[in-house]
Amino acid sequence: MFSCLFLLISFLNILRCFHVSACDYSCSDKPVITPSRLVVKFGDPASATCVACQQACLPLDESVISMEASLGTPDINGTKVTWTVDRMTEWELTPKCYYTDSTNHQCCTSLSVTVYKPPESVSFSLNPSEPLTEGSKVTLQCDVLNVAPVANLTVTFYRGQTPLDQVKSNDTTEKPVSETFSLSYNTRKEDDGVQFWCEAKLELGAEGPQPPLVVKSEEVTATVYYGPQLKVPADPAPISITRGEPLHLICLAEGNPKPQYSWTLPSNKGHRSGTDLKIDSAGVQDGGQYVCTVSNNVNSVSVTFNVTVQENFIPFIIGAVVAAAVVILIGAGVIYSFYYKQNKMGKYQLKDVFRLGAMHPTTVPLC
């Protein structure tokens, strides 16, 4: 009989010393743990302090006070329990501070513990890989390696220094995982030469590292192919020149890859040099349509020049004027000559000569 009573008392003591499943978390005088939430890096030390009660767990000799966890050791000093871990080596644990009173009522408070691990690496890529084509859809991809907890991770995609969008994970795994985050993007020609990248930010709240841990990827410079875009009017005004004048046409465009130029001429005359076409002295046969075609492996565009070469009538006009002047001069000479002979060089009588001599005698000196 005595031995049975001893066994019963021993069993009750065992129940009081160990945590039981019927733990009351809504006690009016429940344990208070400081901090209320613990954030610790995997492999680092950690500690927390628990005050088991104000009055409910007194007197101490009639209560059991402790802190239960799968890792670490509790140090009990009156109603105060200090829990310490030399090195955090578990990803999922929930320490509980509790007391069991003389009526075998157990009151508990759990400590929320977040064990984190920064990403080992963050890498960025474009899918499909370069080169891209203007207007095509591309997937921006950010690969994050071995991070925990991934649910607290925010990935931001950047175009240059401009954020595009943020993506979060739906995975609630506490242990480290690797995950690929993606964002769909429509390419533009302005994206050619622009650097794209991503960053992974582990946000653990006020109890976590401040500022939050951020790991950035390397930058990837995008190459975007786009068709030629003209720098001159596609339908320029008609050009009119005079025969013998030079003709200079310019056809200019930009594109990626660098565009190639080809010319279609009304004649085989002219010096073609990529964007320029020159004719030193245009003839009437050089009038017509000049078509410049600009192309690369994305697209092609063309420019049509309508050129009219007019005959130069100025030499003919000058010649006609000169000829008319010559004819007039010759005619005037003939008329003048005829008039002069008739009026100034008429017939004279011999007696008139002698009369003229008598009026003006001439003295001849003697030797």
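Scroll up a little and you will see the structure.
Worth saying up front: this structure is predicted, and the values here are computed from it rather than measured.

Caption draft 1: Spotlight on the side chain of Asn256. Within the secondary structure, Asn256 sits in strand S22 (residues 253-256). Here Asn256 falls in the buried class, since its relative accessible area comes to 16%. In this structure the side chain of Asn256 is engaged in a polar contact, spanning 3.4 Å, whose partner is the side chain of Asp192. Excluding residues that lie within four positions of it along the chain, Asn256 makes contacts with Asp192, Thr223, Val224, Tyr225, Tyr226, Asn296 and Val298.

Caption draft 2: Geometry of the state of the cysteines. Under the definition given, this model contains six disulfides. Across the disulfide from Cys27 sits Cys107; the S-S distance is 2.1 Å. What sets the handedness of the Cys27 and Cys107 disulfide is the S-S torsion sign, and at about 140° it is right-handed. In this pair, Cys27 is assigned in the loop between helix H1 (2-17) and strand S1 (32-34) and Cys107 in strand S8 (residues 106-110), connecting sequence segments 80 residues apart. Looking at Cys27, the relative accessible area reads 10%, which means it is buried. Cys107 sits in the buried class, given a relative accessible area of 0%. Between the sulfur atoms of Cys142 and its disulfide mate Cys198 the distance is 2.1 Å. Taking the sign of the torsion about the S-S bond as the criterion, the disulfide between Cys142 and Cys198, at about 75°, is right-handed.

Caption draft 3: A look at the sheet that holds S8. The three strands lie next to each other as S4-S7-S8, forming an open sheet whose pairing is antiparallel. Sheet topology places strand S4 (64-68) and S8 at the edges, where each strand pairs with a single neighbour. With direction set aside, neighbouring strand axes in the sheet form an average angle of 15°. The sheet contact formed by S4 and strand S7 (residues 96-100) spans five bridges and is antiparallel. Each residue of the ladder has a partner; that of Ile65, found in S7, is Tyr99.

Caption draft 4: Broad picture of the sheet that holds strand S5 (residues 73-77). The sheet built from four strands is open, its strands ordered S1-S3-S6-S5 with antiparallel pairing. Since the sheet does not close on itself, it has two edges, and those belong to S1 and S5, each with one partner. For this sheet, the mean angle separating the axes of adjacent strands, direction not counted, is 20°.

Caption draft 5: View of the pattern of salt bridges. Evaluation of the coordinates by the stated rule reveals seven salt bridges. A salt bridge links Glu311 to Arg243; the shortest N-O distance between them is 2.5 Å. On the criterion of sequence distance, the pair formed by Glu311 in the loop between strand S27 (300-310) and helix H2 (314-343) and Arg243 in the loop between strand S20 (239-242) and strand S21 (247-250) is long-range, its members being 68 residues apart. One salt-bridge network, in which partners are shared between bridges, spans Arg159, Arg188 and Asp191.

Caption draft 6: The arrangement of the nonpolar core in detail. If you look at the biggest cluster of nonpolar residues, it comprises 28 residues, and the most contacted ones within it are Leu140, Cys142, Val144, Leu153, Val155, Phe157 and Phe181. Elements with a minimum of two residues in this core: strand S10 (121-127), strand S12 (137-147), strand S13 (153-159), strand S15 (177-186) and strand S16 (195-202). At five residues, the largest contribution of residues to this core is made by S12. Among the nonpolar cores identified, the runner-up in size contains 26 residues, and Cys57, Trp83, Leu93 and Cys97 belong to it.

Caption draft 7: The arrangement of the packing of aromatic side chains in detail. Taken as a whole and assessed by the stated rule, the structure comprises five aromatic pairs. Each ring, one from Phe124 and one from Phe157, has its centre 6.5 Å from the other, and the planes form 65°; the classification is edge-to-face. Taken together, the residues Phe124 in strand S10 and Phe157 in strand S13 connect sequence positions 33 residues apart. Its relative accessible area of 9% is what places Phe124 among the buried residues. On the accessibility criterion, Phe157 (0% relative accessible area) is buried. An angle of 20° between the planes, with centres 6.1 Å apart, marks the rings of Trp263 and Phe305 as stacked. Of this pair, Trp263 sits in strand S23 (residues 260-264) while Phe305 is found in strand S27, placing the two residues 42 residues apart along the sequence. As far as the burial class goes, Trp263 and Phe305 line up, both buried. Note that Lys189 overlies the ring of Tyr226, its terminal NZ or CZ placed 5.6 Å from the centroid.

So, how was this worked out
Residues numbered from 1 in each chain as written. Predicted model: local features only at pLDDT ≥ 70, side-chain atom pairs only at ≥ 80, totals over all residues. Heavy atoms only, no water. Helix = DSSP H or I, 4+ residues; strand = E, 2+ residues; numbered from the N terminus. Buried < 20%, exposed > 50% of the residue type's maximum accessible area, 1.4 Å probe, protein only. Polar contact = N/O pair within 3.5 Å; in protein donor to acceptor, adjacent residues only side chain to side chain. Contact = heavy atoms within 4.5 Å. Disulfide = S-S within 2.5 Å. Pairing = 2+ DSSP bridges. Axes fitted to C-alpha atoms, helices over the stretch in contact; angles between N-to-C directions. Salt bridge = Lys/Arg side-chain N within 4 Å of Asp/Glu carboxyl O. Core = buried A, V, L, I, M, F, W, Y, C linked by side-chain atoms within 4.5 Å. Phe/Tyr/Trp six-rings, centres within 6.5 Å; stacked < 30°, edge-to-face > 60°. Lys NZ or Arg CZ within 6 Å of the ring centre and 35° of its normal.

Read these as spatial facts, not as claims about activity.
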